[in-house]
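So the chains spell out like this:
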Amino acid sequence: MGRLLFLACLTVLLLWSMPSAGAQAWTQEAGHAYVKVSQSFAAASSRYDADGTVVPYNETTNGSFRDRSTYLYGEFGVSSRLTFAASVPYKRLYVTDETFEPTFERESSAWGTAVVGARYDIGPSLGLSPNEPTVLAANLGVGIPMGYTRNYDPAVGPGQLDLQATLNVGRSFWPFPGYAQAGLGYRRRTSSFGFSTATVCMNDQVDGDGHACLPDEDARRSYGDEFLFSAEGGVTLGPVLFQALVDAHWSVSAPVPPEGVTVILPEGFELQRYILVGAGVTVYGPLGFGLSLQAFGAAHAQNTLGGSQIFVGLERKF
């Protein structure tokens, strides 16, 4: 039971993660910055198995999962062609077990895995002038666990360092007030766990402080590398921006259920494939602030959670 509940946390960075907060094809102007704070409201009582069939989240406990995490995202223009970016999450995860009366709930709160990286405008190197409506940028990033305990049940992340790179193209349709962009990339899953910690788990259930846990050797997983794809389009009408959004992660190897396990949650799978589609709206007000709402659902999913994701954000450019 403890192992099944522990697995419920590990997909958080895969499926229940903050969507792209910035325009990944455009760099910031030198000396300028963009900051966004987002709050997630995600819940799931079902999951998709390896072939995409919808099944109960946990057939044994009739449980459910909630994510109430907060994300801080920022960009800073170092030069006209180079922008630094970072996303720092404070994770708050809840897993319920309805076999108890009243319903039992396990909760974990901690700083999760930060993503830091850089975006470089490669358009000029390919002959695109700064005034072109089309831009092309390379994005490099690394996911760094911020010291959390990876074998807590639930945990706020899988615990390992990951690397990723994407190539993004964007186009402005000005004087029509719209834009479109898309990105294609690759994420390398590593086996480096040095940026997270592990607690001593006694009897495969609790540590010395009474926190539910798993032995570290059971908590570590070897996620497969995956292709990344994102796309979005937006139209600005007055002070309101409307967006259509796509976010996809596609494991290099096809998702398969682990051998020798009869009941397992999707987070236990090391291979996932999903395509999320969503819509967003941002209303800009005084002093340059913007209030945003984004919602996502799965158009295709294998070995992932069901349900929907909603993000409420506050942003500003400086």
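Everything that follows concerns the structure shown earlier in this document.
The structure presented is a predicted model; accordingly, all values stated were derived computationally and were not measured.

Caption draft 1: Up close: the pattern of salt bridges. A complete count under the given rule lists 11 salt bridges for this structure. D153 is the salt-bridge partner of R106, the closest N and O atoms lying 2.5 Å from each other. Linking R106 in strand β7 (residues 104-111) with D153 in the loop between β9 (134-145) and β10 (162-172), this pair joins segments that are 47 residues apart in sequence. Since its relative accessible area comes to 2%, D153 is described here as buried.

Caption draft 2: How the structure looks around the state of the cysteines. Counting across every chain of the model gives one disulfide. Across the disulfide, C201 is cross-linked to C213 (sulfur-sulfur distance 2.3 Å). Across the S-S bond linking C201 and C213, the dihedral sits near 100°, which makes this disulfide right-handed. You can see C201 sitting in the loop between β11 (178-189) and α2 (216-219) and its partner C213 sitting in the loop between β11 and α2, a full 12 residues away along the chain. Given the relative accessible area of 1%, C213 is considered buried.

Caption draft 3: How the structure looks around the environment of S80. Note that S80 resides in the loop between β5 (70-77) and β6 (82-97). Since its relative accessible area comes to 55%, S80 is described here as exposed. Along the backbone, S80 and D121 are 41 residues apart, and their C-alpha atoms lie at a distance of 8.2 Å. Setting aside residues up to four positions removed in sequence, S80 forms contacts with T27, Q28 and A30.

Criteria and thresholds
Residues numbered from 1 in each chain as written. Predicted model: local features only at pLDDT ≥ 70, side-chain atom pairs only at ≥ 80, totals over all residues. Heavy atoms only, no water. Salt bridge = Lys/Arg side-chain N within 4 Å of Asp/Glu carboxyl O. Helix = DSSP H or I, 4+ residues; strand = E, 2+ residues; numbered from the N terminus. Buried < 20%, exposed > 50% of the residue type's maximum accessible area, 1.4 Å probe, protein only. Disulfide = S-S within 2.5 Å. Contact = heavy atoms within 4.5 Å.

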